[in-house]
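For reference, the chains in residue letters:
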Amino acid sequence: MKYWRGYLIAAIIGAITFVINRLAATFSNLVDMVYPYLTRTVQTFLAQWSGGLDFCVWQVAAVVLLLLGLVSIVLMIVLRWNPIQWFGWILTAAACLWFMHTCMYGLNYHAGSLAADIRLNVTEYTLEELEAATTYYRDLANGLADQVDRDGSGDVIYPEFEVLAHKAGKGFENLTYDYTYSVFAGSTAPVKKLGWSAMYTSMGITGVTMGMTGEAAVNPEIPAVSLPFTMCHEMSHRMCIAIERDANFGAFLASMAHPDKEFQYSAYFMAYRYCYSALYAQGSAEATTAAARIDSGVNANFRHDLDEYSRFFNEKLDQKANKMANSVNDTYLKTSGDVGVASYDQVTDLLVSWHIQKVVLPSQQDEAESVFDPYDETQVDLSGIVNAKKPKNPEGG
């Protein structure tokens with residue numbers, strides 16, 4: 001029995017974790033009422049605790065755990081431990097870590113959507129609506145692409161990583177106090193540089209947020225134009241916005257609401273990429289034509305940044321490493337309650353709905369209020385019309 005004790009404990013902890021997740025999925029409304037607010041408080045405390053260190057605590061902990069695992073293998077061989085018993089305790093340790101992650105952060109995957117929190121009505125969109133949104137984000141990106149600083153080669157010149165990291169929180173503060181979106185009232189502590197960046201670049205990983213240490217970390221090697229957006233993406237995760245679709249949209253909103261043009265450009269740069277990819281992926285002749293038409297309107301500076309962004313990942317990405325990382329991430333997301341890596345691209349649904357609700361509908365309302373009145377002297381010359389309304393004399397005459 002002693003050989004199977006570790007397996008039994010691991011099974012019990014795993015079963016408890018599974019039940020907690022199922023209950024959270026079933027009673028998601030109850031989770032949304034309490035859990036995100038509690039965990040945001042925990043994340044704020046952990047971010048303050050770990051923020052005093054320049055390195056990622058979780059990365060050091062991962063190395064320590066790996067070394068302990070190797071030491072335990074050596075001891076197992078030297079002391080002739082039973083390998084079956086040894087593996088059972090390894091499973092127990094893994095089960096404990098998953099249980100801690102679930103309690104401290106993981107149930108946020110079952111909380112309400114960001115769209116509901118900011119009162120955004122998300123519906124299925126038409127091709128025309130997608131085309132209009134893509135054009136809108138392109139035009140804003142075009143304008144900002146000509147305003148950000150550039151070097152002699154045409155590459156954007158952004159402040160150093162640490163400067164951007166300290167600025168990133170301003171966008172979330174504006175969303176909280178100016179837009180009254182309380183969901184963003186979490187920690188705005190600066191993100192950290194992700195260690196072993198070259199390895200993560202080869203995998204296509206731009207950032208990681210660890211709920212058990214309250215650390216949001218970003219790969220410093222990624223193209224500068226996407227750096228502000230990625231920082232806000234990881235900060236959104238630390239604010240307990242777990243679903244990747246929602247974290248992407250949170251990054252867009254925070255970057256858009258930021259006073260600095262570098263953040264605004266990053267917001268519309270990424271919004272255009274997501275919407276254009278969705279438009280092109282539809283595959284119909286009409287969609288292909290629309291995508292080509294929109295793409296032809298990209299100006300020189302914006303085009304340069306789009307090409308450099310694609311070139312960076314084409315050159316740095318290791319296909320095998322990327323495939324493995326995507327597989328691991330997809331499994332983690334689906335196990336946690338997200339739809340998988342496809343969740344990232346689903347931000348297009350929110351971006352199109354945002355454009356409809358915040359741009360299209362208000363403009364239509366303005367047009368409806370400007371109804372032509374043939375008897376209104378401010379819209380037409382009424383001289384000579386017998387029954388025309390006479391303008392009032394300000395002096396009472």
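Structure's up top.
Residues numbered from 1 in each chain as written. Predicted model: local features only at pLDDT ≥ 70, side-chain atom pairs only at ≥ 80, totals over all residues. Heavy atoms only, no water.

Caption draft 1: Examining the nonpolar core more closely. Counting residues in hydrophobic clusters, the biggest one holds 71 residues, and the most contacted among them are Y137, F184, F249, F252 and Y265. Considering each element in turn, this core owes the most residues, 13 residues, to helix α12 (residues 261-281). (Core = buried A, V, L, I, M, F, W, Y, C linked by side-chain atoms within 4.5 Å. Buried < 20%, exposed > 50% of the residue type's maximum accessible area, 1.4 Å probe, protein only. Helix = DSSP H or I, 4+ residues; strand = E, 2+ residues; numbered from the N terminus.)

Caption draft 2: Looking closely at the sheet that holds strand β3 (residues 215-218). Spatial strand order, β1-β3-β2: three strands in an open sheet with mixed pairing. Each edge of the open sheet is held by one strand with a lone partner, namely β1 (192-193) and β2 (207-210). With two bridges connecting them, β1 and β3 associate as parallel partners. Residue K192 lies in a different strand from β3, and its bridge partner there is A217. Running at roughly 160° to β3, helix α10 (residues 227-238) makes contact with β2 and β3 of the sheet. (Pairing = 2+ DSSP bridges. Contact = heavy atoms within 4.5 Å. Axes fitted to C-alpha atoms, helices over the stretch in contact; angles between N-to-C directions.)

Caption draft 3: Region of interest: the pairing of β3. Alternating positions in β3 separate into two faces, E215 and A217 on one and A216 and V218 on the other, with burial throughout. When β2 meets β3, the two strands line up antiparallel, connected through four bridges. Across the sheet, G207 pairs through a bridge with V218, a residue of β3. Counted between consecutive antiparallel strands, the loop separating β2 from β3 contains four residues, among which G214 sits at a positive phi close to 70°.

Caption draft 4: View of the pattern of salt bridges. If you walk through the whole model with that rule in mind, you get 11 salt bridges. Measuring nitrogen to oxygen at the nearest pair gives 2.8 Å for the salt bridge that ties D246 to R245. Judged by relative accessible area, R245 falls into the partly exposed class, the value being 22%. As a salt-bridge pair, D330 and K334 come within 3.0 Å of each other at their nearest N and O atoms. You can see D330 and its partner K334 sitting in helix α15 (residues 319-336), four residues apart, about one turn around the helix. On the basis of relative accessibility, which here comes to 18%, the residue D330 falls in the buried class. In this structure, a network of salt bridges that share partners links the residues E308, R311 and E315. (Salt bridge = Lys/Arg side-chain N within 4 Å of Asp/Glu carboxyl O.)

Caption draft 5: Spatial organisation of the side chain of S236. You can see S236 is positioned in helix α10. The class for S236 is buried, based on a relative accessible area of 0%. At 2.8 Å, the side chain of S236 and the backbone oxygen of C232 are in polar contact. In contact with S236, not counting residues within four places along its chain, are F172, I241, A247, G250 and A251. (Polar contact = N/O pair within 3.5 Å; in protein donor to acceptor, adjacent residues only side chain to side chain.)

Caption draft 6: Structural context of unusual backbone geometry. Phi is positive for R119, which is not a glycine, with a value near 60°. With respect to the element layout, R119 can be found in the loop between α5 (114-117) and α6 (127-145). A positive phi angle, near 55°, is found at T180, a position not held by glycine. Among the secondary structure elements, T180 is positioned in the loop between α8 (169-177) and β1.

Caption draft 7: Molecular detail of α10. The end-to-end C-alpha separation of α10 is 17 Å, in line with the 16 Å expected for 12 residues at 1.5 Å each. Of all 12 residues making up α10, 12 are buried, and the element is well covered by its neighbours. Within α10 the residues assigned to the buried category are L227, P228, F229, T230, M231, C232, H233, E234, M235, S236, H237 and R238. C240, located one to two residues past α10, shows a positive phi value of around 70°. (Expected span 1.5 Å × (residues − 1).)

Caption draft 8: Looking closely at the environment of I20. For I20, the position within the fold is in helix α1 (residues 5-26). Residue classification places I20 among the partly exposed residues on the basis of a relative accessible area of 25%. As a C-alpha pair, I20 and C103 span 83 residues in sequence and 8.7 Å in three-dimensional space. Aside from chain neighbours lying at most four places away, what touches I20 is F99, T102 and L107.

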